[in-house]
Number of protein chains: 2
Amino acid sequence: MSRDALPTIDDIRAAAARIAPFAQVTPVLRSDALDALTGAQLHFKCENLQRGGAFKFRGACNAAWALDDDQAARGVLTHSSGNHGNALALAAATRGIAAHVVIPEGAVQAKVEAIERAGATVHRCAPTQAAREAMAAELQRQTGAVLVHPYADSQVMAGQGTLALELLRQVPDLDALMTPVGGGGLASGVAIAAHALDPALALFGAEPAGADDAAQSLAHGARITSVVPDTLCDGLRALVGERNLEALRAHHVDVITVTDQETVAAMQLLWRELKMLVEVSSATVLAAILKQPPRFAGRRVGVVLTGGNVDLGALPW
Amino acid sequence: MSRDALPTIDDIRAAAARIAPFAQVTPVLRSDALDALTGAQLHFKCENLQRGGAFKFRGACNAAWALDDDQAARGVLTHSSGNHGNALALAAATRGIAAHVVIPEGAVQAKVEAIERAGATVHRCAPTQAAREAMAAELQRQTGAVLVHPYADSQVMAGQGTLALELLRQVPDLDALMTPVGGGGLASGVAIAAHALDPALALFGAEPAGADDAAQSLAHGARITSVVPDTLCDGLRALVGERNLEALRAHHVDVITVTDQETVAAMQLLWRELKMLVEVSSATVLAAILKQPPRFAGRRVGVVLTGGNVDLGALPW
């Protein structure tokens, strides 16, 4: 398939087989207190316990192993300094190939160190989007490495979709599924996989009110690119991708927006009741359920906790 | 059985059946990075994800449900302000009976609130051991409630032992098991259960060097009660109980002592590599393995993470 096509369920099943030797089967946890609070039956899929501390390893691992030998010999490349960069570094190491990660000056040092620990080569650049893209393009010319986009890449979307296959095997009779929405790599992959297994599943997304381009785009019937992200949820600041949006629309993903204040309160609840300390971006899912309880009451809801790379020295409260 | 006898494997199996409707089956997690660091194959049993955030719910729940109806009608009582107090409050709520928890002035407010949220009645007293015992005795006279000791109680030990049955079902071919040692309720219950299933299992305990009464007692062949605890590990300051020590000796539990500095470093490693933020007391187990790698190299080791009730505002680094 072309690098930016939407994956099919067959692509997602192939991804699941490809990453099985390397990815964790993450646990699903329950909390009586959170069930009582929401009136729903919540099944938390703990991807914060995935390798690298985020679901991103699924997509990156599938992308690394889907390369043919010639491509693999030239390595992989990304200019994400967040969880995708770290995931791609870890994924490349599982295949024993080179990974190049372009990181802007000023990135959190702990993240840079984790990427280097995983064995990737870090390339520093000025902290602008233009500088990142220019350096990535230059590295591609020099090395021939394959650029793996964090959410618009087919193999990445297919990898993220494996999460839904795994969750529906662990909890077969869900009524609904909820993921955060940033660039839409996770939400689109999960939507395609989930509806292939059970077309009756209700699909929800959670988006920060300060980066609600997916909600706006779905409401207006066209991709809105004018949103300037203003949210604590650093993992959800990306604009939703064109193809990702297409999948969200086709699968009727209902996006609920939440304020940062609601999200931080949900992050505290997840810590208090579930003992899961997750990234603020990950807490949007519980905030969204608490915002609109009637839509979830009495239903069995799969809720994806996407990442656990929290800086304990900079908690958002 | 009498309230302070050691439980048998049959008692522990009965406890497992009793608590099954209420306790979480906690996940077992792996980390390639921690395996590489230790040279062992570590299987982390995440009791920090147990109800109430600690393994203590197992013992408390078994104690609450082992009461006959007359006893149950009078309720349960403890003077532990830590995880056992919270666990007993939650356990009593599952049976719909009263719980009285004696708490000294100056206890952490978040813990008091959690116990009250669980529906227990909190009784404040002066912050001395004598005041706690006096108030507990007075409450027993007034209410007839059954005192449930945090580690010397048979039903509590039997409940904690269920953890080993569950772990050995999840990972049947372990070579060794490691738990922290405080009062010894967990270590003794686990030793009895584990050796009933597999007498060849090597059993280890981890104890803070600043509260090493169990290690000293085992070395000297008699219970040492002169140790004045001086450790950050607030969950492991209790002196090992008489019966608990008896079980540790009978089952050849090998206790390794670790400094607080080693334990805090292990706590940071568990967060970084496993994304589990556990109580400092819980991190002693990894610190002990890192201290004596040759004893664990190449072995499959079950490692119990006992609790996750961390005060995010007061991390020990």
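All values derive from a computational prediction rather than experimental measurement.

Each value, and the rule that gives it
- Residues numbered from 1 in each chain as written.
- Chains lettered and ligands numbered in written order.
- Predicted model: local features only at pLDDT ≥ 70, side-chain atom pairs only at ≥ 80, totals over all residues.
- Heavy atoms only, no water.
- Buried < 20%, exposed > 50% of the residue type's maximum accessible area, 1.4 Å probe, protein only.
- Helix = DSSP H or I, 4+ residues; strand = E, 2+ residues; numbered from the N terminus.
- Arc of directions from axis to C-beta.
- Contact = heavy atoms within 4.5 Å.
- UniProt positions renumbered as here; feature names shortened; annotations may be inferred.
- Pairing = 2+ DSSP bridges.
- Right-handed = clockwise from strand over helix to strand, strands pointing away.
- Buried area = accessible area lost by both parts, 1.4 Å probe.
- Salt bridge = Lys/Arg side-chain N within 4 Å of Asp/Glu carboxyl O.
- Polar contact = N/O pair within 3.5 Å; in protein donor to acceptor, adjacent residues only side chain to side chain.
- Least-squares fit on C-alpha atoms with pLDDT ≥ 70 in both.
- Domains from an automatic or database assignment.
- Core = buried A, V, L, I, M, F, W, Y, C linked by side-chain atoms within 4.5 Å.

### Observations concerning helix H1 (residues 9–19) of chain A
Working note: α-helix, 3.6 residues per turn, so residues spaced by three or four point in the same direction. All names here are of chain A. Of all the residues in H1, the buried ones are Ile9, Ile12, Ala15 and Ile19. Each buried residue of H1 lies within a common arc of 110 degrees when the element is viewed along its axis, so the set occupies one face. With respect to the buried face of H1, the exposed residues turned more than 90 degrees away are Asp10 and Ala17. Looking at the packing, one finds that the buried side of H1 touches helix H3 (56–66), helix H8 (154–170) and helix H9 (185–197).

### So, the UniProt feature "domain: Tryptophan synthase beta chain-like PALP" (unreviewed entry) in chain A
What UniProt calls "domain: Tryptophan synthase beta chain-like PALP" (unreviewed entry) maps, in this numbering, to residues 22–307 of chain A. Helix makes up 46% of residues 22–307 of chain A and strand 16%. Its end C-alpha atoms lie 18 Å apart.

### What about the pairing of strand S5 (residues 121–125) of chain A?
Residue and element names in this part refer to chain A. Two strands pair when backbone bridges link them, and strand S4 (residues 99–104) and S5 are joined in this way by five bridges, in the parallel orientation. Residue Val102 lies in a different strand from S5, and its bridge partner there is His123. Note that the unit made of S4, helix H6 (residues 109–117) and S5 has a crossover that is right-handed.

### Overview of the interface of chain B and chain A
Across the contact, 23 residues belong to chain B and 23 residues belong to chain A. It is Trp271(B), Lys275(B) and Leu312(B) in chain B that bury the most area against chain A; as a group they hold 32% of the surface buried on that side. For the pair chain B and chain A, the interface holds two salt bridges. Counting every contact that joins chain B to chain A gives six residue pairs in polar contact (both at pLDDT 80 or more).

### Topic: the relation of the copies chain B and chain A
Both copies of the chain are related by a screw-like operation: a rotation about an axis and a shift along it. The two copies are related by a screw motion: chain B maps onto chain A through a turn of 180 degrees and a shift of 0.0 Å along the axis, at an RMSD of 0.0 Å. The symmetry that links the two subunits is that of a two-fold axis. No C-alpha of chain B approaches the rotation axis more nearly than that of Pro27(B), which lies at 3.2 Å. When you check the interface residues of chain B against chain A, 100% turn up at the interface there too, and the contact is symmetric in its surfaces.

### Focus: the domain arrangement of chain A
Residues and elements named next belong to chain A. Taken domain by domain, chain A comprises domain 1 (9–54 + 153–305) and domain 2 (57–147). Here domain 1 and domain 2 have C-alpha centroids that lie 25 Å from each other. In this assembly, 24 residues from domain 1 lie in contact with 15 residues from domain 2. Interface area for domain 1 against domain 2, summed over the two sides, is near 1500 Å², with a carbon-plus-sulfur share of 57%. On the domain 1 side of the contact with domain 2, Arg18, Phe22 and Arg51 bury the most area, a combined 33% of that side's loss. On the surface where domain 1 and domain 2 come into contact, there are two salt bridges. Note that Arg58 and Glu166 form a salt bridge whose closest N and O atoms lie 3.0 Å from each other. One can count eight residue pairs in polar contact (both at pLDDT 80 or more) joining domain 1 with domain 2. Counting only elements with at least two residues in the side of domain 1 that touches domain 2, the list comes to H1 and H8. With eight residues, the single largest contributor to the side of domain 1 that touches domain 2 is H8.

### A short note on the nonpolar core
Counting 80 residues, the largest nonpolar core has Met178(A), Met276(A), Met178(B) and Met276(B) as the members making the most contacts within it. Setting aside residues no more than four positions away along its own chain, Met276(A) makes contact with Leu29(A), Cys46(A), Asn48(A), Leu49(A), Leu270(A), Trp271(A), Leu305(A), Leu49(B) and Met276(B).

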